[in-house]
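Analysis of the macromolecular model
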Amino acid sequence: MNRPAPRRVPVLYAMSATCAAIGALLWVRGGSSAPPMRYADYLAADGYTSSAWRVWSRAVPDERLGLYLVVAGIALAVAARMISVRRG
């Protein structure tokens, strides 16, 4: 008899997807040095200056934090899968 999956499995999957998505965005942001040409031209016309605002800290670059979040997302997805297989 199959029992329904516990409520923590969807929560773990949601946390996993969130971590992976934010991590991927940070990884791409840290790896790209400049915005695309059209966007960069638009911002230059507005007198845009790049910000020194950091997401995490000066010790951890954005791309490394992004990679850590992607790995955490994968680990959470594996944990959720193991819980759902063990329960079901």
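**Concerning the overall build of the chain**
- Secondary structure assignment for the chain yields three helices and zero strands.
- Secondary structure elements of the chain occur, N-terminal to C-terminal, as α-α-α.
- Across the 88 residues in the chain, those meeting the buried criterion constitute 18%.
- A fraction of 87% describes how many contacts in the chain between residues 6 or more apart in sequence connect residues 24 or more apart.
- About 7,000 Å² of surface is accessible on the chain, with carbon and sulfur atoms providing 65% of the total.

**Notes on the nonpolar core**
- Membership of the largest hydrophobic core is limited to five residues, which are Val9, Leu12, Leu76, Ala80 and Ile83.
- Breaking this core down by element, the ones donating at least two residues are helix H1 (8-31) and helix H3 (62-87).
- The biggest single contributor to this core is H3, with three residues.

**Some points on H1**
- The end-to-end C-alpha separation of H1 is 34 Å, in line with the 34 Å expected for 24 residues at 1.5 Å each.
- For H1, the complete set of buried residues consists of Val9, Leu12, Ser16, Gly23 and Leu26.

**Considering a nonpolar patch on the surface**
- A contiguous nonpolar surface patch, about 400 Å² in accessible area, is contributed by Trp27, Leu67, Tyr68 and Val71.
- Mapped onto the secondary structure, Val71 falls in helix H3.
- The class for Val71 is partly exposed, based on a relative accessible area of 49%.

**Quick word on the confidence of the model for the chain**
- Counting all residues, the mean pLDDT for the chain is 76, and 64% of those residues have values of 70 or more.
- Averaged pLDDT values for the elements of the chain fall to 57 in helix H2 (residues 37-45) and rise to 89 in H3.

**Topic: the environment of Gly66**
- Of note, Gly66 is situated in helix H3.
- Owing to a relative accessible area of 0%, Gly66 belongs among the buried residues under this scheme.
- Each C-alpha atom of the pair Gly66 and Leu25 lies 7.1 Å from the other, and the pair is 41 residues apart in sequence.
- Not counting residues within four places of it along the chain, the set of residues in contact with Gly66 comprises Gly23, Leu26 and Trp27.

Reading the values: rules and limits
Residues numbered from 1 in each chain as written. Predicted model: local features only at pLDDT ≥ 70, side-chain atom pairs only at ≥ 80, totals over all residues. Heavy atoms only, no water. Helix = DSSP H or I, 4+ residues; strand = E, 2+ residues; numbered from the N terminus. Buried < 20%, exposed > 50% of the residue type's maximum accessible area, 1.4 Å probe, protein only. Contact = heavy atoms within 4.5 Å. Areas by Shrake-Rupley, 256 points an atom, 1.4 Å probe, with all protein chains shown as cover. Core = buried A, V, L, I, M, F, W, Y, C linked by side-chain atoms within 4.5 Å. Expected span 1.5 Å × (residues − 1). Patch = residues over 30% accessible without salt bridge, like charges linked within 9 Å, V, L, I, M, F, W, Y side chains within 5 Å. Salt bridge = Lys/Arg side-chain N within 4 Å of Asp/Glu carboxyl O. pLDDT = per-residue confidence, 0-100.

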